[in-house]
Amino acid sequence: MKIDRIECFTPRVGHRNQLLMKVTTIDGIYGWGESGLTGREHAVIGALQHYKQFLIGRDVRQCGALWQEMYRSQYFEGGRVLTAAIGALDIAFHDIRAKALGVPVHQLLGGKHRDCVPAFATAPADPGPEMIEQAKVLWDAGWNCIRFVPWGQHSVDVFEPRESIARTAPWMVKAREELGPEAVLGIDYHHRLSVAEAASFCQKMPRATLDFIEEPIRDETPEAYEALRRMTDVPFAIGEEFSSKWQFLPYIERDIHQFNRLDICNVGGFTEAAKVAAWSEAHYVDLMPHNPLGPICTAATLHLAAAVPNFAWLECRASPVEQLGFDSRELFPEQAVLEGARYRVPDGPGLGIEVNEEALTEVDFQYFEPPHLRRRDGSFTNW
């Protein structure tokens, strides 16, 4: 099962590019992977070109050792670009290994704990009446976990945190009143707040309004999250930017967060994600994976979700109120099936994904640059 070819594809799907990786062995078995560093695909492709030089001819059955070699084979270890490249390769290696054995990937991870994986959906409208209506549509359709976005989320030029807080908090209270105590409600602030701003937002709402707040502040300083924890009892859902078990270390060991937003395409694939999941289990942290990409990311995350006990919900961007078009049936004729508000765990060989490579050549890469947001005083702020 030695590697013969490593190929990259960067099709524009919906409003984003997807960085897909195909690895083919000399036996003709192929596997698919996906990288998650959206908007910086060429940086990851550069890393993949370096790895390709020594991976050709290597045995994918040694994926654990290959992971270590890729991570440690340069003086500057790890980092988001490298682990995004490693993740795409590692997912493809697992796809190949499972196909060769005729089993689904989750069998390589210890077998499945569940037949279906529950998902959460996003009500994408700005806080207001439309947001409430979208949430009601989701609730009526069987989605018991719903995420909201703050006012200003869709801005392409200016984001003022205090203005956003003032306009968002009352509508979170309204959402709880309208949907009742059984709904699981959260909001994603996309790390756009400071510690003081995030604390102020949480304190403007009655206790138990939110079941989680996602990425309220940036992740570089665990001590900042510890400070925020002392100011609020709202559970934290964080970690989608984390690129290794070492980055998760302080958050897990210090019991800072309650939901782990692990991204399998950024953290380093199955090899690293399984370690983070087990570590999280020991600290009673549930997985709530980041899944903003395409069907390969979804399939890989489903196999991980099936194989771990500490799982909450999987992010889904295809719901009755949100269709981003990332799961094109033309490009991905075989993919995971969403049944209401849950995914059926794939039981076929490998990931359970097939890609129309001919169609890939007709969907060109387009440079994508997120908004470079400023505050009203002209200073830059987080996107």
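Described in the following lines is the structure provided in the data block. Sequence order as written defines the numbering, with residues in each chain counted from 1. Where local features are concerned, this predicted model is filtered to residues with pLDDT of at least 70; where side-chain atom pairs are given and counted, the filter is 80 or more; whole-chain, interface and lining totals use all residues. Excluding hydrogens and water, the side-chain values take into account all heavy atoms of the structure.

Secondary structure follows DSSP: runs of H or I at least 4 residues long count as helices, runs of E at least 2 residues long count as strands, and numbering of each begins at the N terminus. Counting secondary structure elements, the chain contains 13 helices and 17 strands. It is over C-alpha atoms that the radius of gyration is taken, and the globule rule equals 2.2 Å times the number of residues to the power 0.38. Its C-alpha atoms give the chain a radius of gyration of 20 Å, near enough to 21 Å, the size a compact globule of 383 residues would have. When its C-alpha atoms are laid out on the principal axes, the chain stretches across 60 × 45 × 45 Å. When a residue's accessible area, from a 1.4 Å probe over protein chains only, is under 20% of the maximum for its type it is buried; when over 50% it is exposed; and in between it is partly exposed. The buried share of the chain, reckoned over its 383 residues, is 58%. Any pair of residues with heavy atoms lying within 4.5 Å of one another is described as a contacting pair. Intrachain contacts of the chain at a sequence separation of at least 6 include 71% that bridge at least 24 residues. Of the roughly 15300 Å² that the chain leaves accessible, carbon and sulfur atoms contribute 50%. We count Lys and Arg on the positive side and Asp and Glu on the negative side, and we leave His and both chain ends out. To locate a charge, the coordinates of NZ of Lys, CZ of Arg, CG of Asp or CD of Glu are taken. Separation between the mean location of the 38 positive side-chain charges and that of the 53 negative ones in the chain comes to 3 Å. All accessibility values rest on the Shrake-Rupley procedure with a 1.4 Å probe; residue burial counts only the protein chains present in the view.

Looking now at the nonpolar core. Inside soluble globular proteins, nonpolar side chains tend to come together where they are buried. Side-chain atoms within 4.5 Å link the members of a nonpolar core, which is a set of buried Ala, Val, Leu, Ile, Met, Phe, Trp, Tyr and Cys residues. In this structure, Phe-148, Phe-201, Ile-264 and Leu-351 are the most contacted members of the largest nonpolar core, which totals 85 residues. Sorting elements by how many residues they give to this core places helix H12 (residues 295-307) first, with 8 residues. Beyond its immediate chain neighbours, meaning those up to four positions away, Leu-351 contacts Trp-32, Ile-91, Asp-95, Val-105, Phe-270, Ile-296, Ala-299, Ala-300, His-303 and Pro-346. Ranked by size, the runner-up nonpolar core spans 28 residues in total, among them Val-23, Trp-67, Leu-82 and Ala-85.

Let us now look at the pattern of salt bridges. The salt bridge criterion pairs a side-chain nitrogen of Lys or Arg with a carboxyl oxygen of Asp or Glu, the two atoms within 4 Å. Summed over the entire model, instances satisfying the criterion amount to 29 salt bridges. Measuring nitrogen to oxygen at the nearest pair gives 3.8 Å for the salt bridge that ties Arg-5 to Glu-7. Residue classification places Arg-5 among the partly exposed positions, given a relative accessible area of 39%. One salt bridge in this structure joins Lys-174 and Glu-178, with 3.2 Å as the shortest N-O distance.

Taken by themselves, the reported measurements are silent on function.
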